[in-house]
Amino acid sequence: MKNTKILIALVGLFSTLSLSAQVSFGLPEKINNDWYFTLKNTDDKPVSDFNNERWQKVSLPHDWSVKGQLSPTLASATGYLPGGVGWYGKKLQIPRDKQGQKIYLYFEGIYNRSEVFINGHSLGKRPNGYISFMYDVTPYIQYGKGNVITVRVDHSKSADSRWYTGSGIYRDVWLVYANPVHIAQWGVYAYPLVKNNRGLLNIEVEVENETSGAAALTVVNKLYDQEGKQVAGGSDKVTVTPGQKNKVITYLKVNNPSLWSIDRPALYTLETSILEKGKEIDRTSTVTGFRTFTFDPDKGFALNGEWMKVKGVCIHHDAGVLGAAVPREVWKDRLITLKEIGCNAIRTSHNPQAPDLYGLCDELGLLVMDEAFDEWEFPKRKWIEGWNVGTPGFQGSYDFFEEWGERDLADMVRRDRNHVSVFAWSIGNEVDYPNDPYSHPVLDGDRDATGFNQPIFGGYQKDAPDAMRLGDIAKRLAAIVKKYDSSRPVTAGLAGVAMSNETKYPGALDIAGYNYTESFYLSDHKKYPERVIYGSENGHGMDAWKAVRDNEHIFGQFLWTGIDYLGESGRWPSRGLYTGLIDFAGFIKPRGYFRQSLWTDVPMIYIGTYPKSAGRRAGYLSQDAWPVWNYDADGDTIRVVCYTNAAKARLDLNGAIVGAEKGYDDNTGIIYWDIPYKAGKLEAVGLDGTGKEVSRYTIQSSGRPYVISILEEESEISKDKGLARIVLQVMDEDDIPVMLSDDEITCLVSGPAVLLGLEAGNNHDMSDYTDNKHRVYHGRMVAYIQATGEAGKATITFTSPWLKGAKVEIDIR
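Let me sum up the structure you'll find in this document. On a predicted model such as this, the values are computed, not experimentally measured, just so you know. (Residues numbered from 1 in each chain as written. Predicted model: local features only at pLDDT ≥ 70, side-chain atom pairs only at ≥ 80, totals over all residues. Heavy atoms only, no water.)

Applying the stated rule across the entire model yields 4 cavities of 30 Å³ or more. Of the pockets and cavities examined, the largest cavity occupies roughly 270 Å³. Together, 24 residues line the largest cavity, and Y111, Y130, D374, E375 and S397 are the ones closest to its centre. Of the residues in the lining of the largest cavity, the class split is 9 nonpolar, 9 polar and 6 charged. The calculated volume of the second largest cavity comes to roughly 100 Å³. The wall of the second largest cavity is formed by 13 residues, among which V66, L70, L81, R575 and Y769 lie closest to the centre. (1 Å grid on protein atoms, 1.4 Å probe; cavity = no way out; pocket = protein on both sides within 12 Å on 5 of 7 lines; lining within 4 Å. Points joined across faces, edges and corners; volume = space filled by probe spheres on them. Nonpolar A, V, L, I, M, F, W, Y, C, P; charged D, E, K, R; others polar.)

Here is the structure:
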């Protein structure tokens, strides 16, 4: 795709539904409240009613797995948490005056293998737990009476993923009313072009006619800027025959459009209306924007004509104690933190995520690589006793790939194609991992192809699936993507580049992602000069970043991972994989500060410490280099590790220089000093080339834990499930953070709010996460408080034996 420009638009929430209700009937309605749930019924028979007294009342989104108990008897792959078979039920009143309208239920995601019923009638099954879908319930509605929705969720194959998935209706559910003549589901597609400061917004509007007569319609499109000013508009005539769909293809012109970018994510709103005989019968809003991007095999990637490096992270969809049911506010906080670190792109590893995530990336200015699958027609290994140890299992999603894969991919693209943040579609991750399951003779050793004379990955396994199949499947999937969106490139994360290069798989892609294979960047660029290459999954080391930074043709990398996640756990005790820049609680980890020193131009400096006797190497980079300045005895030699983007740094202890000025080491990315321990205030000072101070970071020796201090809180939240994130820190009598504290905190909530969970970010804490007590980690913790639907004042108190407590009051409106 050399010098190919691709331009993109984005869409808002109700255009994500894209069957949004007409103005006369109101907007789509969330129906997340007053559901009931049971985990005990494993019968395949449909449940046409449910017992309110025996079923638990729940509010959606709901993830039953994270509310279970951690156990070493469960699979490490999915975080030592349970699966099972669950039923959900809800009674829904549909007024008589809604007769004549179409009525739909829209589910953003159910994990997994779901079947939805209404009044005992099966509406359909959807095995993929990450795909959004909608059912027409009109034929089965009892108007003026209570309608019973029941949903069977079968996650009995609880070790079906390499990471934590969650279980249940873990995303929002919507009730949608529509005129029988309406905009089809995901029916508005807006994709802009920009040339010579002129914007052209191409628009496709698909209209569906579910009446018995032809419909003569007018489709009206109006475009508004961020200030609400109309900047373009137009109308088109269309006739839709009975029981069919028809499409309007049109465009709007905008002079000097504001461009969407990482630093200035300018957005527009497209209002699309359907008129019949001059009366509006349907309307939807699509948030959109103007931007260009260029992929070039020699120069990399350009956004709006400016060449740049993609500084990306891979993320899974959970949030520690919250599991897979993550409120929008939590995602917003996490994405803002990643941007502060210097991240400018997200890879949705390895599945479509909640619509909230894409909308936030649009608003905040983060590129998104939208990924569909982690496995295709065959299963991968799922570790049961700890990551890469013991005997693996082989449950997975492969068994429904042949029947559902193309439809799942199409629905992902149709749902997400209007998001300006999405800049590439990924059809798979590591489906080519050698001998897991595909194999090829090149694995027996071919120096020209693999760089080795001896077998790699255990050598060629002739009884394994033939890797040559990968190319055919990739071509088929790429064609599905192009059918619904040709404005973005198709990609995939290749795990076995040496093997895949022997197949047609890379050739089916527009841009090729290399997972942990930096050693092929130069040789493959020479061998395949038209191939656009980037790091689709990479480690945190300096060498992996330099392979991007120092090679113009490599346009970026995606670190594994941006955020700690549940599952893919090590041997017990281990909740998940601890490789994130930020932890389960959303706190920046030491490696997050290291990455910030590489990725951002905003002046920064950080120090962490450890005893030199620990024997760690000078370039040490791990979660253990915490900002602690409490050691057993004066005089012990302590290594102080510094991450900074300043030209040089020095180290002060109690106002005296103890670490001479040192310049940045481009081999390790760090500066360090070995000094004798002495209690007090340790400060790193960042200096520019002239010796002027540009940044400072301080840590102090603390006394004993004394008080629970509130570092962050919300004074006001919406009664409609508004969320407050309260950050606690244990302090000593001088208000110095006690990093070594592991005190147990109890949280009590009074008023119209509930505690969703307490999270300290400790990967090895396998205690009960379903109660209101938890130990801090590094002296800190976050509490998630959610409004229950009523206005009032909520009081949240935090207590711990021998510590002064804390209280927070929140106005709920």
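We now examine the state of the cysteines. The tally for this structure, following the rule as stated, stands at 0 disulfides. This cysteine, C361, is not joined by any disulfide, and C343 carries the nearest cysteine sulfur, 8.5 Å off. Note on C361: relative accessible area 0%, which makes it buried. (Disulfide = S-S within 2.5 Å. Buried < 20%, exposed > 50% of the residue type's maximum accessible area, 1.4 Å probe, protein only.)

Another aspect to go through is the side chain of K380. Within the secondary structure layout, K380 lies in the loop between strand 24 (367–371) and helix 4 (401–416). Of note is the side chain of K380, whose polar atom sits 2.6 Å from the backbone oxygen of D374. A distance of 2.7 Å separates a polar side-chain atom of K380 from the backbone oxygen of N429. Ignoring anything within four residues of it in the chain, the contact list for K380 reads R162, D374, E375, G393, F394, N429, E430, V431 and D436. (Helix = DSSP H or I, 4+ residues; strand = E, 2+ residues; numbered from the N terminus. Polar contact = N/O pair within 3.5 Å; in protein donor to acceptor, adjacent residues only side chain to side chain. Contact = heavy atoms within 4.5 Å.)

Within the secondary structure layout, L577 lies in strand 31 (residues 576–577). For L577, a relative accessible area of 18% corresponds to the buried category. In this structure, the C-alpha to C-alpha distance between L577 and W387, residues 190 residues apart in sequence, is 9.0 Å. Aside from chain neighbours lying at most four places away, what touches L577 is W560, D564, Y565, G567 and E568.

A separate point is helix 4. With respect to burial, helix 4 is a largely interior element, 12 of its 16 residues being buried. Of the positions making up helix 4, those classed as buried are F401, W404, G405, D408, L409, A410, D411, M412, V413, R414, R415 and D416.

To continue, consider the packing of helix 2 (residues 328–341) against helix 3 (residues 355–364). The interhelical angle for the contact between helix 2 and helix 3, taken along N-to-C directions, is 40°, at an axis separation of 10 Å. Relative to helix 3, helix 2 is oriented oblique. The chirality of how helix 2 crosses helix 3 is right-handed. Within the contact between the two elements, helix 2 uses R328, W331, K332, L335, I336 and K339 and helix 3 uses D356, L357, L360, C361, E363 and L364. Class assignment of the residues belonging to the contact of helix 2 with helix 3 gives a composition of 7 nonpolar, no polar and 5 charged. (Axes fitted to C-alpha atoms, helices over the stretch in contact; angles between N-to-C directions. Parallel < 35°, antiparallel > 145°, perpendicular 65-115°, else oblique. Left-handed = near helix turned anticlockwise from the far one by under 90°.)

Tracing the backbone through its elements, the reader meets K382 in the loop between strand 24 and helix 4. The class for K382 is buried, based on a relative accessible area of 1%. Among the polar contacts listed, one links the side chain of K382 to the side chain of E375, at a separation of 3.1 Å. There is a polar contact of 2.9 Å between the side chain of K382 and the backbone oxygen of K380. Setting aside residues no more than four positions away along its own chain, K382 makes contact with A77, A159, D160, S161, R162, E375, P392, G393, Q395 and G396.

A few words now on the sheet that holds strand 36 (residues 671–676). Spatially, 32-33-36 is the arrangement adopted by the 3 strands of the open sheet, whose pairing is antiparallel. On the outer flanks of this sheet lie strand 32 (605–611) and strand 36, each paired with one strand and no other. Neighbour-to-neighbour, the strand axes of this sheet turn through a mean angle of 25°, independent of strand direction. Alignment of strand 32 against strand 33 (residues 637–644), held across 7 bridges, turns out to be antiparallel. Bridging from a neighbouring strand, I605 pairs with T644 of strand 33. (Pairing = 2+ DSSP bridges.)

For the rest of this paragraph, the subject is the environment of P242. Within the secondary structure, P242 sits in the loop between strand 15 (230–240) and strand 16 (245–255). Sequence separation between P242 and G213 is 29 residues, and the spatial gap between their C-alpha atoms is 5.1 Å. Among all residues touching P242, those that are not within four sequence positions of it are N209, T211, S212, G213 and A214.

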